Amino acid sequence: MSIKNDQDKENIIEEAYEQETSFEDFFVKHWPTFLNVAVGIVILFALYLTFMNYTRKRDIAASSDFTSAKTVQEIQKVLASYPNHPAANFARLRAMKLLTDEKKFEDALKICREIGPSTENPEAFWQAKLDEGYLLELMNKKDEAAEAFSKISSDIKFPSTVRNEASYSAGRLFLASGKKDRALASLKAMDSAAGSEDLWSYQAKALMMGIN
């Protein structure tokens with residue numbers, strides 16, 4: 001019995017030794033692969049850190065450039081380098097305002113229409129759409145301006161304050177053009193939900209009171 005137990009122990013030891021030797025042989029044979037994988041992981045991590053650091057530095061640099069840009073030319077130069085930066089649309093609004101002050105309405109309108117929807121800063125797009133109507137009005141294209149405002153007023157993607165401003169502006173322009181029915185329709189389209197009344201709602205009510 002004792003002999004059998006001794007024999008079993010020897011078999012177990014031999015089996016364990018063979019497994020260990022086999023593993024060592026496998027490791028020696030494939031260690032370059034393991035090393036390459038490990039190095040690859042380190043490189044990927046290093047690249048990730050480098051990218052994040054670069055992104056932060058680039059973001060800081062872009063913000064600084066947008067802040068320091070004072071003229072239309074300077075703003076456009078920064079926009080050429082960072083067209084998709086979160087501050088880009090606000091910079092376009094600044095450029096549009098500067099051009100409007102210089103009465104370069106066509107150029108201002110062009111920049112205004114370059115501002116597209118953004119999930120990060122939707123306010124810039126909302127303002128750009130309203131400004132488009134005001135610019136058309138300044139260019140004496142009042143019918144186009146009224147239609148532009150009317151389109152905004154019926155688009156539920158815009159918040160109520162923006163729609164109300166557009167409704168009032170459309171109403172006064174339609175009224176100025178003698179389109180009384182459309183003016184009333186626009187002025188009555190104000191969002192009158194609880195808490196939605198604002199300056200534009202009161203302006204619309206005052207304007208409707210003066211319509212015969």
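Use the structure listed above.
What this report covers is the structure whose coordinates are included nearby.

Core analysis: the biggest nonpolar cluster contains 39 residues, and Phe66, Met96 and Leu135 have the highest contact counts within it. Residue assignment for this core shows that the elements contributing at least two residues are helix H1 (2–68), helix H2 (72–81), helix H3 (88–101), helix H4 (105–112), helix H5 (122–138), helix H6 (142–153) and helix H7 (160–176). If we skip the residues at most four places from it in the chain, Phe66 touches Val78, Leu79, Tyr82, His85, Ala87, Ala88, Ala91 and Arg94. Core analysis: the second largest hydrophobic core is formed by 5 residues, Tyr168, Leu187, Met190 and Ala204 among them.

Positionally, Asn89 belongs in helix H3. Under the relative-accessibility criterion, Asn89 is labelled buried at 12%. Separated by 2.8 Å, the side chains of Asn89 and Arg92 make a polar contact. Sequence-distant contacts of Asn89, defined by excluding residues within four places in its chain, comprise Ile115, Gly116, Ser118 and Ala124.

Within the fold, Arg92 resides in helix H3. Accessibility expressed as a relative area gives 11% for Arg92, which makes it buried. Residues Arg92 and Ile111, 19 residues apart in the sequence, show an inter-C-alpha distance of 6.4 Å. Residues contacting Arg92, with those up to four places away along its chain left out, are Leu79, Pro83, Ile111, Glu114 and Ile115.

This part covers the layout of surface pockets. Estimates place the volume of the largest pocket at around 320 Å³. Of all the secondary-structure elements, those providing two or more residues to the lining of the largest pocket are H5 and H6. At 5 residues, H5 tops the list of elements feeding residues into the lining of the largest pocket. Grouping the amino acids of the lining of the largest pocket by side-chain chemistry returns 7 nonpolar, 2 polar and 5 charged. Taken as a whole, the second largest pocket encloses approximately 190 Å³ of empty space. Forming the walls of the second largest pocket are Val72, Gln73, Gln76, Leu79, Leu99, Glu102, Lys104, Asp107, Lys110, Ile111 and Glu114.

Procedures and definitions
- Residues numbered from 1 in each chain as written.
- Predicted model: local features only at pLDDT ≥ 70, side-chain atom pairs only at ≥ 80, totals over all residues.
- Heavy atoms only, no water.
- Core = buried A, V, L, I, M, F, W, Y, C linked by side-chain atoms within 4.5 Å.
- Buried < 20%, exposed > 50% of the residue type's maximum accessible area, 1.4 Å probe, protein only.
- Helix = DSSP H or I, 4+ residues; strand = E, 2+ residues; numbered from the N terminus.
- Contact = heavy atoms within 4.5 Å.
- Polar contact = N/O pair within 3.5 Å; in protein donor to acceptor, adjacent residues only side chain to side chain.
- 1 Å grid on protein atoms, 1.4 Å probe; cavity = no way out; pocket = protein on both sides within 12 Å on 5 of 7 lines; lining within 4 Å.
- Points joined across faces, edges and corners; volume = space filled by probe spheres on them.
- Nonpolar A, V, L, I, M, F, W, Y, C, P; charged D, E, K, R; others polar.

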